[in-house]
Amino acid sequence: MAGGGGMAVQGGGKNYEGGVTCFVIVACLVAAMGGLLFGYDLGISGGVTSMEEFLKKFFPSVYHKQHDQTLKESAYCKFDSVLLTLFTSSLYLAALVASVFASVVTRVFGRKASMAFGGIAFLFGAILNGAAVNIEMLIFGRLLLGIGVGFANQAVPVYLSEMAPANVRGALNIGFQLAITVGILIANLVNYGTAEIEGGWGWRVSLALAAIPALMMTVGAFLLPDTPNSILERGRTEEAKQMLQKIRGTPNVDEEFQDLYDASEAAKQVNHPWTNIIQPRYRPQLTCCTLIPFFQQLTGINVVMFYAPVLFKTIGFGDDASLMSAVITGVVNVAATVVSIYSVDRFGRRILFLEGGVQMLISQILVGVMIGWKFGVNGEGVLSKFDADFILILICAYVAAFAWSWGPLGWLVPSEICPLEIRSAGQAINVSVNMLFTFIIAQIFLTMLCHMKFGLFFFFAGFVIIMTIFVAFFVPETKNVPIEEMNNVWKAHWFWKRYIPDEVVIGSAANSNKAIP
């Protein structure tokens, strides 16, 4: 996999000497395990909130609405509870706040420190949730989980982008998203199993098992090496070069290291990355780091990921059937993410973004039509087995489209487009916007389901149309472009080129007047 030192690649980037070593693959796989934290929680909360013993203990009003036959409540509204949604959404509010602090820790102390801190916070949150005896203890545990997610999501995508060679950066970075989908699937399987535990305490097992990915994350963070970029950022030049030689598997890294060194020196001139990122020259990065995570959440994916069992139960699936349907969508999620790993560096980011958007749009519209037609406006209809199976197939088609497009690329693209001097701020914006809208969707979904009913799917389909148009016109192709050469991509873009000064495009080792001391 070695490439010549000066060969041009798409977008004006270069192939550096060296290849994909076992060392870098293992490091990226361990780091990507941080995605298990996020994924396990995404999958676990919906299943737990559909368990009757959990509802009876912490949310008795919801339990009462489901079992009181005298209440004339729409089937769409049986889970509508602000407190119940706060159980799910509080994690993402904490992650939003934590991501801002995590950006400072990531820059000053390195990517490893953020991953370790995130793992420890998640571990204590899992313990508290598993042992919870009241709603306060439950919510406080969720807040600790959120801190862990905020730190992990801040550090891991950046770590992966910095460790991976440009020609396989997409595939290795999507390892993070694959770990998220595996976490979701594991959580769905755990919920399906613990729901059968006699005595009604299975929910404790589901919540406490989050400690396992937390331990993996924490131990992995202490064993991992730091990235050459991060080591350079803290002034240890020789150590950074040795690390680059180790991860590339060759001593001939002078050209790549010169580019990293130049970028690091430029970054040191920037004392305030948050102020810097709002400068016109960083308008493309600021826009993409804001709008990509915004649109990622407005696809409506978390309607399925958070509340799959609740959603399936609401539209007429039985208890076991709703949990098993969530497992099926989890399997599809993992398989489609593997498709993305295979195709992202072969076919590029844009084609996956665009195809995924079209497939999600068609699936959402058909799901909305089917539920409205067969289940009715007030949920008085009854789904036949064929109807239920067809809706499940459509939802799986939607999940697959997200999992090979907007799911992984929503983390990959923002992490690879920012130069070092604004990378921590750009990733913090990406995580913060993601967590903000994850929190909003999680908090209002059950109320939206109650009031908008099957129209909820048309609501999210409208945003899918807008985001697909945004990609078509404003997101350039970034495959195979070294992250320190990304300005060439923006300078070649029909719209963004007006914001990029000529002097920032030349910054490769061949054009640098500086030498490494």
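Above this text is the structure in question.
Residues numbered from 1 in each chain as written. Predicted model: local features only at pLDDT ≥ 70, side-chain atom pairs only at ≥ 80, totals over all residues. Heavy atoms only, no water.

**Student:** Just give me the short version of the overall build of the protein, but keep the residues and values in it.
**Tutor:** What the protein contains, in helices and strands, is 23 helices and 2 strands. Counting only residues that meet the buried cut, the protein has 62% of its 517 residues in that class. The contacts in the protein between residues at least 6 apart in sequence include a share of 80% that link residues at least 24 apart. Here the protein has roughly 18,700 Å² of accessible surface; of this, 68% comes from carbon and sulfur atoms. (Helix = DSSP H or I, 4+ residues; strand = E, 2+ residues; numbered from the N terminus. Buried < 20%, exposed > 50% of the residue type's maximum accessible area, 1.4 Å probe, protein only. Contact = heavy atoms within 4.5 Å. Areas by Shrake-Rupley, 256 points an atom, 1.4 Å probe, with all protein chains shown as cover.)

**Student:** So, the nonpolar core: which residues are in play, and what are the values?
**Tutor:** If you look at the biggest cluster of nonpolar residues, it comprises 137 residues, and the most contacted ones within it are Phe54, Phe59, Met115, Leu138, Trp406 and Met435. Broken down by element, this core gets its largest block of residues, 12 residues, from helix H21 (residues 420-452). Not counting chain neighbours up to four residues away, the residues in contact with Phe54 comprise Val48, Thr49, Phe59, Phe87, Leu138, Trp203 and Leu207. (Core = buried A, V, L, I, M, F, W, Y, C linked by side-chain atoms within 4.5 Å.)

**Student:** Could you give an account of the side chain of Arg111, with specific residues and numbers?
**Tutor:** Note that Arg111 resides in helix H6 (residues 111-130). In this structure Arg111 comes out as buried when scored by relative accessible area, which is 3%. A distance of 3.1 Å separates a polar side-chain atom of Arg111 from the backbone oxygen of Thr106. Contacts of Arg111, omitting those with residues within four sequence positions, involve Thr106, Ala155, Val158, Tyr159, Glu162, Asp226, Thr227, Ser230, Glu233 and Leu420. (Polar contact = N/O pair within 3.5 Å; in protein donor to acceptor, adjacent residues only side chain to side chain.)

**Student:** Run through the packing of helix H15 (residues 283-297) against helix H22 (residues 455-474), naming residues and quoting values.
**Tutor:** The contact between H15 and H22 brings their axes to 10 Å, and the two run at 150 degrees. As the angle between them shows, H15 and H22 are arranged roughly antiparallel. Crossing angle aside, the handedness with which H15 passes H22 is left-handed. In contact with Thr287, Leu291, Ile292, Phe294 and Phe295 of H15, H22 contributes Phe463, Ile466, Met467 and Phe470. (Axes fitted to C-alpha atoms, helices over the stretch in contact; angles between N-to-C directions. Parallel < 35°, antiparallel > 145°, perpendicular 65-115°, else oblique. Left-handed = near helix turned anticlockwise from the far one by under 90°.)

**Student:** Run through unusual backbone geometry, naming residues and quoting values.
**Tutor:** Non-glycine residue Lys453 carries a positive phi angle of around 55 degrees. On the secondary structure map, Lys453 appears in the loop between H21 and H22.

**Student:** Report on helix H12 (residues 237-248), specifying residues and quantitative values.
**Tutor:** The terminal C-alpha atoms of H12 lie 17 Å apart, and with 12 residues this matches the ideal 16 Å at 1.5 Å per residue to within 8%. Among the residues of H12, those classed as buried are Ala240, Met243, Leu244, Ile247 and Arg248. Projected down its long axis, H12 shows its buried positions confined to an angular sector of 120 degrees, all on one face. A positive backbone phi angle near 75 degrees is found at Gly249, which sits one or two residues after H12. (Expected span 1.5 Å × (residues − 1). Arc of directions from axis to C-beta.)

**Student:** Just give me the short version of the environment of Gly39, but keep the residues and values in it.
**Tutor:** Looking at the secondary structure, you find Gly39 in helix H2 (residues 34-48). On a C-alpha basis, the gap between Gly39 and Leu185 in space is 8.1 Å, while along the polypeptide they are 146 residues apart. The residues touching Gly39, leaving out its near neighbours within four places in the chain, are Ile180, Gly183 and Ile184.

**Student:** Let's hear about the packing of aromatic side chains: which residues, and what values?
**Tutor:** Summed over the entire model, instances satisfying the criterion amount to 29 aromatic pairs. Ring geometry for Trp490 and Trp496: centres 6.4 Å apart, planes at 90 degrees, overall edge-to-face. Trp496 matches Trp490 in its accessibility class, with the two residues each being buried. Seen from their ring centres, Phe495 and Trp496 are 4.9 Å apart, and the 80 degrees between their planes marks the pair as edge-to-face. Here Phe495 and Trp496 have matching classes, each one buried. Geometry around Phe87 places Arg142 over its ring, the cationic atom sitting 4.7 Å from the centre. The ring of Tyr342 has Arg346 sitting right over it, with the charged end atom 4.0 Å from the ring centre. (Phe/Tyr/Trp six-rings, centres within 6.5 Å; stacked < 30°, edge-to-face > 60°. Lys NZ or Arg CZ within 6 Å of the ring centre and 35° of its normal.)

**Student:** If you had to explain the side chain of Ser363 to someone new, which residues and values would you point to?
**Tutor:** Positionally, Ser363 belongs in helix H18 (residues 349-374). With a relative accessible area of 5%, Ser363 lands in the buried category. Apart from the residues lying within four places of it in its own chain, the contact partners of Ser363 are Leu394, Ala397 and Tyr398.

**Student:** Now, about a nonpolar patch on the surface: what can you tell me, with residues and values included?
**Tutor:** Residues Val97, Val100, Phe101 and Trp274 make up a contiguous nonpolar surface patch of roughly 390 Å² in combined accessible area. Among the elements that make up the nonpolar patch, the one with the highest residue count is helix H5 (residues 82-109) (3 residues). With respect to the helices and strands, the residue Val97 is situated in helix H5. (Patch = residues over 30% accessible without salt bridge, like charges linked within 9 Å, V, L, I, M, F, W, Y side chains within 5 Å. Salt bridge = Lys/Arg side-chain N within 4 Å of Asp/Glu carboxyl O.)

**Student:** An account of the pattern of salt bridges is needed here, citing residue identities and associated values.
**Tutor:** Evaluation of the coordinates by the stated rule reveals 11 salt bridges. The partner of Glu233 in a salt bridge is Arg111, with the nearest N and O atoms 2.9 Å apart. Taken together, the residues Glu233 in helix H11 (residues 228-233) and Arg111 in helix H6 connect sequence positions 122 residues apart. You'll find Glu233 and Arg111 in the same group, each marked buried. Residue Asp254 is joined to Lys241 by a salt bridge in which the shortest nitrogen-to-oxygen separation is 3.1 Å. Here the residue Asp254 occupies a position in helix H13 (residues 254-268), and Lys241 occupies one in helix H12, the gap between them amounting to 13 residues. When its relative accessible area of 48% is taken as the criterion, Asp254 is described as partly exposed. Bridged by salt links that share partners, the residues Arg111, Glu162, Glu233 and Arg423 form one connected network.

**Student:** Give me the lowdown on the packing of H18 against H22, citing residues and values where you can.
**Tutor:** Direction vectors running N to C along H18 and H22 enclose 165 degrees, while the axes themselves pass 9 Å from each other. If you check the angle between H18 and H22, you find them roughly antiparallel. Handedness of the crossing formed by H18 with H22: left-handed. Of H22, the residues touching H18 (which contributes Arg350, Phe353, Leu354, Gly357, Met360, Leu361, Gln364, Ile365, Val367, Gly368, Val369 and Ile371) are Phe457, Phe458, Phe460, Ala461, Val464, Ile465, Met467, Thr468, Val471 and Ala472. A class-by-class count of the residues in the contact of H18 with H22 yields 17 nonpolar, 4 polar and 1 charged. (Nonpolar A, V, L, I, M, F, W, Y, C, P; charged D, E, K, R; others polar.)

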